[in-house]
Amino acid sequence: MDKPSTLLVHFDKGSAAMANEIKADLEGSDVAAKVEAMKRAVMLLLNGETLPTLFITIVRYVLPSEDHTIQKLLLLYLEIIDKRDAAGRVLPEMILICQNLRNNLQHPNEYIRGVTLRFLCRLSEPEVLEPLVPSILENLEHRHHFIRRHALSAISAIYRLPQGDQLIPDAPELVERALASEQDASARRNAFVMLCLCGTERAVAYLLSNAERVMEWPDLLQMAAVDLIRKVCRPPNRADKGRYIKIIFSLRSSPSTAVLYECAGAIVSLSSAPTAVRAAAETYCQLLSSQSDNNVRLILLDRLNELHTSHRDVMVDVVMDVLRALASPNLDVKRKVLDLVLDLLTLRNVEEVVLYLKKEVVKTQSGELEKGGEYRQMLVEAIHACAVEYPEVAGSVVHLLMDFLGDTNVAAAVDVVLFVREIIETNPKLCVSMIQRLSDTFYQIRASRVCSIALWILGEYSLSLSEVESAIATIKQCLGDLPFFTISEEGESADSSKPAQPVVNSVTVSSRRPVVLADGTYATQSAATEAISTPSVTPGSLASTLNLRSLILSGDFFLAAVVAYTLTKLVLRLEEVQPSKVEANKACTGALLVMTSILQLGLSSYLPQPIDNDSYDRIVLCVRLLCNTGDDVRRIWLQSCRQSFAKMLAEKQFRETEEMRAKAQISHAQPDDLIDFYHLKSRKGMSQLELEDEVQDDLKAATGGFTKETDDANRLNRILQLTGFSDPVYAEAFVTVHHYDIVLDVTVVNRTKETLQNLCLELATMGDLKLVDRPQNYTLAPESSKQVRANIKVSSTETGVIFGNIVYETSNVMERSVVVLNDIHIDIMDYISPATCADVTFRNMWAEFEWENKVICFFLCAMESLGNFICTMFPILCSKLPQLITKFA
């Protein structure tokens, strides 16, 4: 069975056969060989070997050595060997060690004394420690602080043992006197921590008597003081909370960042007053801007997020301080900052936030940032969220963002065009300027999907005569001269071994493969991928304005169908707003020419990939519609599409409103709860912070702020019974699942009238579960209970099983008794939580994981297996066929 160890050393290979070599080296006089032999002995013991014959050799040949390295290795060896026999009694050989340890504690060398005192901190055998206590106490007055520091740690460790108060009964008084005269920072910290653990009243008295000088303490002692305040001020011990809060507020000016972080956490745990919460938030923001380590920044942002969940009104005031963390180059930090800031938006700060985000967007244009495209996409999403929640700020950012429609980062460009599409519907006042801006910048767009959405916007929201004519002219300019090819070019392309490439760049054609739509369904689309449909052309050149032409010539007939749809809508609207029928007919003829040219290109051999049937049918429908238009069809094309989009936005807003309303309706107080009138309380001698804290405590009590998030009923549902009620040992487990960690809190109850010795909870796992540490042995008194904790790591999403038993010994029975435990089944749903993601993110992840390829490969493998089976069985069936015919005839 595995045993607990305080030492971990990596050792690749070794065997018990090495014991003879180790013994020979230890008996020699070479110091270097002895050092290596001791190292190998320690590593073999850590690997599970016992080496029982080595102890006497070490006592004879290693104990007398004066070499410091050998003495240190000797202490490590004594730390890991078994010091008790099978019955739990201390081995008689350990008495031989006591004299050597006493000599070390009185050694003239400070290092030998120090490492020996540190070794005694890990001993738990009272029989070995008792004769050493006088020597340990003498080291409290040693001249060197290194000795005093470890002497205080040894006294603390001994006093906290089960029989420690009998070994050193006056330990708290001795440590208190040592603390009063000590000058070394680490020694003072060790003494103060010992008083916090073993004599809390003395530690509190020392702290309050030195409250005015806490700022002069070293940072180690300040950290211990903050921990003591947290321990003392736990409910219901909140009598002197005001005095403790003043001490913590004074520590906020400490130069140590660790002290500042602990102070902020202590302030939040002690008080919920706005002044206290604001001070904690300012401290976190100060650390956020001063720390360069990204892990520290992520932790600080988590703390700020926790403050936001319970004190949003206070956090609103520090939103600009949080935004300064965007200076970090790490994208994870930037993402957390933006998520936190978006939750803190109000009418008062939204303009400042948007202005800051605009400046950050402009910075991404310089190209100095390592991942400027991804950061720009995050900024666009954040500005989009600001504009949706507060439409009045949309006008100040939308024109700036429209400059990024031609961004090389396709995801960022898609976010921008989706933002434009939503804002143009929800802000009618911006419609005219946005349509004009979109027409002016349309030629810069290089991504197929962005072009499709931008064309839909032009077709739906170009309402006036000038807007419609400008949109038609923009599309024709981006398409270039018609037709797309000549008959001679088609012949040359058909005669050559390789198809002739169009003049424009980026003509790689994608294969026909299923794509995932927004609702999760599949559709067949023959179009170039966005990565290859971004032609690299020189800005300002003639080819740079022919973005639609280059994408269509690359085989993107889905975009060609969108162009046909957009031209159809624009022509139908032009017929309504254009008084001249001649101009309307001219525009209709031009649109028909574009559509027929696209059809001619798709049906020709000029491109290696012909037009797909879906795009062909859509373009033919547009041609027929322009040739013969009815009022019902006109109404559907010009009104229904926009109405459907407006309805989709309204449903989205309604869902968000309902979710917020459902959260607001959660009741934290019951009608018959006690009412406490805080205005009737005495305010004599209370500071403003204490008054605010009293009020906030009363409000939290009234609104359920002191109630736990998980009620007792849910906790009871997660308790699993491990043994039967008639078993001599009853056990039940409370399972806590946190991400990839599983914690088992097992309650073990001795239901017999006898003392159970060496009681151990033995656990094993099945599946991808790993037990982190083995629970130690315990001695359980009659009819008493014990809490045992076991940590388990989850390494995959498979279902796992935890099983085991409880083993114990009694004085009457020589053999060990075993109680088998019920199995604990860990389901995948226990550590998987639902989440949401945007359509673009979903599509990217789906393409990255290549689910379609795996499904297709599985289908092809199944078909291949079926074909092999048929090929194997067909000759056998043919040979048996005459016999079957004869039999049935």
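Just so it is clear, the structure is predicted and the values come from calculations on it, not from any experiment.

### Focus on the overall build of the protein chain
Counting its secondary structure elements, the protein chain contains 38 helices and 12 strands. Burial status across the protein chain gives 42% buried among its 889 residues. Contacts in the protein chain between residues at least 24 apart in sequence constitute 67% of all its contacts with a sequence separation of at least 6. Of the accessible surface of the protein chain, which amounts to about 47,900 Å², a share of 54% is contributed by carbon and sulfur atoms.

### Regarding unusual backbone geometry
Both trends apply: most residues other than glycine have a negative phi, and most peptide bonds are in trans. A positive phi angle, near 50 degrees, is found at Asn758, a position not held by glycine. For Asn758, the location among the structural elements is in strand S6 (residues 756-766).

### Quick notes on the sheet that holds strand S7 (residues 769-771)
Taken together, 5 strands build an open sheet; the order of strands is S3-S4-S5-S9-S7 and the sheet is antiparallel. Across the chains shown, the open sheet's two edge strands, defined by having one partner strand only, are strand S3 (719-721) and S7. Between one strand and the next, the sheet's axes are offset by a mean angle of 30 degrees, whatever the strand orientation. Pairing between strand S5 (residues 741-750) and strand S9 (residues 785-794): 9 bridges, direction antiparallel. Of the residues in S9, the one forming a bridge with Thr747 is Gln787.

### So, the pattern of salt bridges
Across all of its chains, the model carries 25 salt bridges by this definition. For Asp317, the salt bridge goes to Arg278, with nearest N and O atoms at 3.8 Å. Remark: Arg278 occurs in helix H17 (residues 274-290) and Asp317 occurs in the loop between helix H19 (312-315) and helix H20 (319-323); sequence separation between them is 39 residues. By relative accessible area, which is 28% here, Arg278 ends up partly exposed. Residue Arg303 is joined to Glu306 by a salt bridge in which the shortest nitrogen-to-oxygen separation is 2.9 Å.

### Focus on the packing of aromatic side chains
Inspection of every chain in the model, using the stated rule, returns 8 aromatic pairs. Aromatic pair Tyr206 and Trp217: ring centres 5.7 Å apart, planes at 20 degrees, arrangement stacked. Pair noted here: Tyr206 is in helix H13 (residues 200-209) and Trp217 is in the loop between H13 and helix H14 (219-232), with a separation of 11 residues, a long-range link. For the residue pair Tyr206 and Trp217, the accessibility class agrees, reading buried in each case. Where Trp456 meets Phe645, the ring centres are 5.3 Å apart and the plane angle is 70 degrees; that geometry is what we call edge-to-face. Here Trp456, found in helix H27 (residues 448-461), pairs with Phe645, found in helix H34 (residues 631-664); they are 189 residues apart in sequence, far enough to count as distant. Here a set of aromatic residues connected by ring pairs shows up, and it is made of Phe192, Tyr206 and Trp217. The ring of Tyr375 carries Lys334 above its face, with NZ or CZ at 3.9 Å from the centroid.

### Quick word on the side chain of Arg549
Within the fold, Arg549 resides in helix H30 (residues 547-553). Here Arg549 is buried and forms no salt bridge, its nearest opposite-charge partner Asp481 lying at an N-O distance of 6.5 Å. If near-sequence neighbours (up to four positions away) are discounted, Arg549 is found in contact with Cys478, Leu479, Gly480, Asp481, Pro483 and Phe484.

### Concerning helix H9 (residues 145-159)
In this model, H9 (15 residues) spans 21 Å end to end at C-alpha, consistent with the 21 Å of a helix rising 1.5 Å per residue. For H9, the tally of buried residues reaches 12 of 15 residues, placing the bulk of the element in the interior. Buried residues of H9: Ile147, Arg148, Arg149, His150, Ala151, Leu152, Ala154, Ile155, Ser156, Ala157, Ile158 and Tyr159, and no others. In this fold, the buried residues of H9 make contact with helix H6 (110-120), helix H7 (126-129), helix H8 (133-138), helix H10 (164-167), helix H11 (171-181) and helix H12 (185-198).

### Section: helix H25 (residues 410-426)
Over its 17 residues, H25 extends 25 Å from the first C-alpha to the last, a length consistent with the 24 Å expected when each residue adds 1.5 Å. Judged by how many residues are buried, H25 sits mostly within the fold: 15 of 17 residues are covered.

### Re the side chain of His311
Looking at where His311 falls in the secondary structure, it is placed in the loop between helix H18 (294-310) and H19. Other than its neighbours up to four places away in sequence, His311 contacts Ser272 and Val277.

### Focus on the packing of H13 against helix H15 (residues 241-251)
Between H13 and H15, the least distance of the axes is 11 Å, while the angle of their chain directions is 60 degrees. Taken together, the axes of H13 and H15 lie oblique to each other. Considering the relative orientation of H13 and H15, their crossing is left-handed. Contact residues: Val204, Leu207 and Leu208 in H13; Arg243, Tyr244 and Ile247 in H15. Class assignment for the residues of the contact of H13 with H15 results in 5 nonpolar, no polar and 1 charged.

### Observations concerning the state of the cysteines
In this structure the tally under the stated criterion is 0 disulfides. The thiol of Cys198 is unpaired, and the distance to the nearest cysteine sulfur, on Cys196, comes to 9.7 Å.

### Section: the nonpolar core
Membership of the largest hydrophobic core comes to 213 residues, with the highest contact counts inside it found for Tyr77, Leu120, Phe192, Leu207, Leu304, Leu357 and Leu548. Ranked by the residues each element gives to this core, the list is headed by helix H31 (residues 557-577), at 12 residues. Counting residues in each nonpolar core, the second largest holds 28 residues, with Leu756, Leu771, Ile802 and Ile806 among its members.

### Description of a negative patch on the surface
Taken together, the side chains of Asp339, Asp343, Glu389, Glu656 and Glu659 present a region of like negative charge at the surface. If you trace the backbone, Glu656 turns up in helix H34.

### A few points about the packing of helix H16 (residues 257-270) against H17
Between H16 and H17, the shortest axis-to-axis distance is 9 Å and the interhelical angle comes to 150 degrees. Classified by the angle between their axes, H16 and H17 sit roughly antiparallel to one another. The way H16 lies across H17 gives a crossing that is left-handed. Counting all contacts with H16, which are made through Thr257, Leu260, Tyr261, Ala264, Gly265, Ile267 and Val268, the residues of H17 involved are Ala276, Ala280, Thr283, Tyr284, Gln286 and Leu287. Residues of the contact of H16 with H17, tallied by class, amount to 9 nonpolar, 4 polar and no charged.

### Section: the environment of Ala385
Locating Ala385 in the fold gives a position in helix H23 (residues 372-389). Between the alpha carbons of Ala385 and Phe419 there is a distance of 8.9 Å; along the sequence they are 34 residues apart.

### Points about the pairing of S9
For S7 and S9, the ladder comprises 3 bridges, and the chain directions are antiparallel. Across the sheet, Leu769 pairs through a bridge with Val794, a residue of S9.

### Looking at the environment of Met595
Structurally, the position occupied by Met595 is in helix H32 (residues 581-603). Relative accessible area serves as the criterion here: at 0%, Met595 is assigned to the buried category. In this structure the C-alpha to C-alpha distance between Met595 and Val623, which are 28 residues apart in sequence, comes to 7.1 Å. Met595 has contacts with Ala564, Leu567, Thr568, Ile619, Cys622, Val623 and Leu626, leaving out every residue within four places of it along the chain.

### Digging into the environment of Phe803
As for its placement among the helices and strands, Phe803 is situated in strand S10 (residues 800-809). Distance from Phe803 to Met766, taken between C-alpha atoms, is 8.1 Å for residues 37 residues apart in sequence. Sequence-distant contacts of Phe803, defined by excluding residues within four places in its chain, comprise Glu762, Leu763, Ala764, Thr765, Met766 and Asp823.

What counts and what doesn't
Residues numbered from 1 in each chain as written. Predicted model: local features only at pLDDT ≥ 70, side-chain atom pairs only at ≥ 80, totals over all residues. Heavy atoms only, no water. Helix = DSSP H or I, 4+ residues; strand = E, 2+ residues; numbered from the N terminus. Buried < 20%, exposed > 50% of the residue type's maximum accessible area, 1.4 Å probe, protein only. Contact = heavy atoms within 4.5 Å. Areas by Shrake-Rupley, 256 points an atom, 1.4 Å probe, with all protein chains shown as cover. Pairing = 2+ DSSP bridges. Axes fitted to C-alpha atoms, helices over the stretch in contact; angles between N-to-C directions. Salt bridge = Lys/Arg side-chain N within 4 Å of Asp/Glu carboxyl O. Phe/Tyr/Trp six-rings, centres within 6.5 Å; stacked < 30°, edge-to-face > 60°. Lys NZ or Arg CZ within 6 Å of the ring centre and 35° of its normal. Lys, Arg positive; Asp, Glu negative; His and termini not counted. Expected span 1.5 Å × (residues − 1). Parallel < 35°, antiparallel > 145°, perpendicular 65-115°, else oblique. Left-handed = near helix turned anticlockwise from the far one by under 90°. Nonpolar A, V, L, I, M, F, W, Y, C, P; charged D, E, K, R; others polar. Disulfide = S-S within 2.5 Å. Core = buried A, V, L, I, M, F, W, Y, C linked by side-chain atoms within 4.5 Å. Patch = residues over 30% accessible without salt bridge, like charges linked within 9 Å, V, L, I, M, F, W, Y side chains within 5 Å. Charge placed at Lys NZ, Arg CZ, Asp CG, Glu CD.

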